[in-house]
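One-letter residues, chain by chain:
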Amino acid sequence: MAMPARSPMSDLARRLPFGIGTVTMVLVAAMIATVGVVLAIGTPENQQQEYVAGQLRGYEREPDDAWTHSDETLPDYQTGGGIEVADTHADQWLLSYPSGLGRAYQLVDKRSGATIWGEPVVAGLGDCAFDEFGQVGCAVKVGGISDGFYLVDDDGPGSPTPLDDTKQVIGLGTNYLRIDQAGYQVTLRTPNGRELWSRTFAAAATADVRPDGVLLVTTADGGHFVLDPDTGADRLSCTQCTITTYPSGIAVQYNEFGQERVETHAVEGGVVRTPPTTVAEGLRIVPGPSVLPVLTGTGDGQVQATQGRYEIRDPARSEALWQITDPELSKANTKPCGTEVAFALKDRSRVFYTLVDGEPVGRMEPPSFDAPAENLDNLNCIGSAGTELVFANPDQVTAVDTESGEIAWTRPIIGSAEAVDGYVVLRQGTTLTVLRPN
């Protein structure tokens, strides 16, 4: 579909060094289907990490199956859950599946799915994870071998060190973060079990280490913490909030009534910088995996607004990169997805823009009422590969070519789809399938 000519006002807006408060008053008409866009400040430096934040390896055409594992290929598989990709490192993935009183772990080649370990590690009520060099550490409790913490290689588990009642294991640098069975005690230990630091939380905790090294802990009482990986001290903590990570930093959305806002923080070397680079009052993050946060209004102001208004930020910068509003822009169903964002218009059509610079990509006609699996309103973003956006619901994977506005390909499923290390992974019952990138 041919793109309409750009408005001269758009080029003028690019050259004006407005701050955010001024830029929001400028509207530009007739870029795509009458939607206006305002660009300001410039574009972020290239800090993106490969295949994170919804970035896929390449799915322009309908993909074949790269490999599949199921209850028939993994030994001692027992009912009670599906196969999961527990952790990844370089060309190796750690698969987890139900076995015994808990779960078993098997190391596989991510390209072929071929198993690397001669026998899986049945961890029981424990857990396994990679460190930054690809060494696997496993906590085994009531599993296939004696209780303890083991380093595992191609020859199998080594000699055990004390288990310390570990339930969850997360690789952190060359060490392992370990959470006890109750979930209250979070401890960083060396591979041989020496304690480096320890924290006790008021409610059961789970932890995650992002690709940039940011250590996040979430507790059952709604607490969210960003910890210093070297000391375990709080870098940031909040309740009634959500924390979302991006290649250049994090965004914290505070949800307390009357105090809604988004604070962004730069991340350098795995350390979250404080104070925040910016505080955006009265805004919230539009959900979806993406390389940059998309913000929109919340509260009474959003309810009373007659049109959509959005701003795109880089967490490492104090000013918005660009903003968009127009009388035809919907307040709902915006879909950030990898390197692009799909805005909904009031007539149910879609317009696509690149997040990094606000460039228009294409337009999509309103969806057919008899094809709900192709209506982006009802789909969740998996990620983007070039100008293809991949979405899914429990029934179908749908890829959209954002330049032409057409459906590129579809695939029926019965289960879920997710992005793992840039691959589209399908989980259907007792089967896990990796789709081969084009």
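Residues numbered from 1 in each chain as written. Predicted model: local features only at pLDDT ≥ 70, side-chain atom pairs only at ≥ 80, totals over all residues. Heavy atoms only, no water.

Student: Would you explain the sheet that holds strand 31 (residues 360–364) in this entry?
Tutor: Pairing between the strands of a sheet is mediated by backbone hydrogen bonds and can be parallel or antiparallel. Read from one edge to the other, the open sheet built from four strands follows the order 28-29-30-31, with strand pairing classed as antiparallel. Of all strands in the sheet, those with a lone pairing partner are strand 28 (335–337) and strand 31, marking the two edges. For this sheet the average axis-to-axis angle between neighbouring strands, irrespective of direction, equals 20 degrees. Where strand 28 meets strand 29 (residues 340–344), three bridges bridge the pair, whose relative direction is antiparallel. Paired with C337 across the two strands is E340, which belongs to strand 29. (Pairing = 2+ DSSP bridges. Helix = DSSP H or I, 4+ residues; strand = E, 2+ residues; numbered from the N terminus. Axes fitted to C-alpha atoms, helices over the stretch in contact; angles between N-to-C directions.)

Student: Before we go on, may I ask you to explain the side chain of R261 in this structure?
Tutor: As for its position among the elements, R261 is in strand 21 (residues 261–268). Judged by relative accessible area, which is 18%, R261 ranks as buried. Engagement of the side chain of R261 in a polar contact is seen with the side chain of E263, the distance being 3.1 Å. Those residues in contact with R261 that sit more than four places away from it in its chain are V252, Q253, Y254, V279, A280, E281, G282 and L283. (Buried < 20%, exposed > 50% of the residue type's maximum accessible area, 1.4 Å probe, protein only. Polar contact = N/O pair within 3.5 Å; in protein donor to acceptor, adjacent residues only side chain to side chain. Contact = heavy atoms within 4.5 Å.)

Student: Help me out: how do you make sense of the state of the cysteines in this one?
Tutor: What we call a disulfide is simply a covalent bond connecting the sulfur atoms of a pair of cysteines. Summed over all chains, the structure comprises three disulfides. There is a disulfide in this structure between C128 and C138, and the S-S distance comes to 2.0 Å. Looking down the S-S bond of the C128 and C138 bridge, the torsion is 115 degrees, so its handedness is right-handed. Highlighted residues: C128 in strand 7 (residues 127–130) and C138 in strand 8 (residues 136–140), separated in sequence by ten residues. One exposure class covers both C128 and C138, and it is buried. Each sulfur of the disulfide joining C238 and C241 lies 2.0 Å from the other. Disulfide C238-C241: the torsion about the S-S bond is 80 degrees, which places it as right-handed. If one numbers only the bonded cysteines of the protein chain, in the order they occur, the disulfide pattern is 1-2, 3-4, 5-6. (Disulfide = S-S within 2.5 Å.)

Student: Can you help me understand the pairing of strand 11 (residues 166–172) in this one?
Tutor: As a general feature of sheets, a regular strand has side chains that alternate between the two faces. Counting buried residues along strand 11, six of its seven residues qualify, which places the element largely inside the surrounding structure. Examined bridge by bridge, strand 11 and strand 12 (residues 175–180) share six bridges and lie antiparallel to one another. If you follow G171 over to strand 12, its bridge partner there is Y176. Linking strand 11 to strand 12, which pair antiparallel, is a turn of two residues; within it G173 sits at a positive phi near 65 degrees.

Student: What exactly am I supposed to notice about a nonpolar patch on the surface here?
Tutor: Among the surface-exposed residues, L101, L125 and V142 lie close enough to one another that they form a single nonpolar patch of about 270 Å² accessible area. On the basis of relative accessible area, L125 is assigned to the partly exposed category, the value being 36%. (Patch = residues over 30% accessible without salt bridge, like charges linked within 9 Å, V, L, I, M, F, W, Y side chains within 5 Å. Areas by Shrake-Rupley, 256 points an atom, 1.4 Å probe, with all protein chains shown as cover. Salt bridge = Lys/Arg side-chain N within 4 Å of Asp/Glu carboxyl O.)

Student: Explain the pattern of salt bridges here, please?
Tutor: It is possible for side chains bearing opposite charge to pair when their charged atoms get close. In this structure the tally under the stated criterion is 20 salt bridges. With its nearest N and O atoms 3.8 Å apart, the salt bridge here joins R189 to E195. Residues E268 and R273 are paired through a salt bridge, measuring 3.3 Å at the closest nitrogen-oxygen approach. Judged by its relative accessible area of 46%, E268 falls in the partly exposed class. Put simply, R57, D91, D109, K110, R111 and D421 are held in one network by salt bridges that share partners.

Student: Honestly, the sheet that holds strand 16 (residues 215–219) in this entry has me stumped. Any pointers?
Tutor: Taken in spatial order, the four strands line up as 15-16-17-18 in an open sheet, and their pairing is antiparallel. Two strands close off the open sheet at either side, each with one partner strand: strand 15 (205–209) and strand 18 (234–238). Shown here is a sheet whose adjacent strand axes are inclined to one another by a mean of 20 degrees, direction ignored. As judged from the five bridges shared by strand 15 and strand 16, these two strands associate in the antiparallel manner. Paired with T206 across the two strands is T218, which belongs to strand 16.

Student: How should I be thinking about the pairing of strand 35 (residues 406–412) in this particular structure?
Tutor: The sheet contact formed by strand 34 (residues 396–401) and strand 35 spans six bridges and is antiparallel. The residue of strand 35 that forms the bridge with Q396 is P412. Between strand 34 and strand 35, which follow one another and run antiparallel, lie four residues, and G405 among them has a positive phi close to 75 degrees.

Student: I'm lost on the packing of aromatic side chains in this one. Help?
Tutor: The geometry of an aromatic ring pair comes down to the distance between the two centres and the angle between the two planes. For the coordinates displayed, the defined rule picks out nine aromatic pairs. Between the aromatic rings of W67 and W93, the centroid separation amounts to 5.9 Å while the plane-to-plane angle is 65 degrees, which identifies the pairing as edge-to-face. Of this pair, W67 sits in strand 2 (residues 65–70) while W93 sits in strand 4 (residues 92–99), and the two are 26 residues apart along the sequence. Accessibility expressed as a relative area gives 0% for W93, which makes it buried. An aromatic cluster is built from Y310, W322, F343 and Y353, whose rings are joined through pairwise contacts. Here the basic side chain of R178 rests over the ring of F149, its NZ or CZ set 4.1 Å away from the ring centre. (Phe/Tyr/Trp six-rings, centres within 6.5 Å; stacked < 30°, edge-to-face > 60°. Lys NZ or Arg CZ within 6 Å of the ring centre and 35° of its normal.)

Student: Teacher, can you tell me more about the nonpolar core here?
Tutor: Considering soluble globular proteins, one finds that nonpolar side chains tend to be buried as a cluster. Judged by nonpolar contacts, the single largest core of 30 residues is most densely connected at Y59, W93 and V397. For this core, the secondary-structure elements that each account for two or more residues are strand 4, strand 5 (102–109), strand 32 (380–385), strand 33 (388–393), strand 34, strand 36 (416–420), strand 37 (423–428) and strand 38 (431–435). With four residues, the single largest contributor to this core is strand 37. Counting 18 residues, the second largest nonpolar core, distinct from the first, contains V286, L292, F343 and Y353. (Core = buried A, V, L, I, M, F, W, Y, C linked by side-chain atoms within 4.5 Å.)

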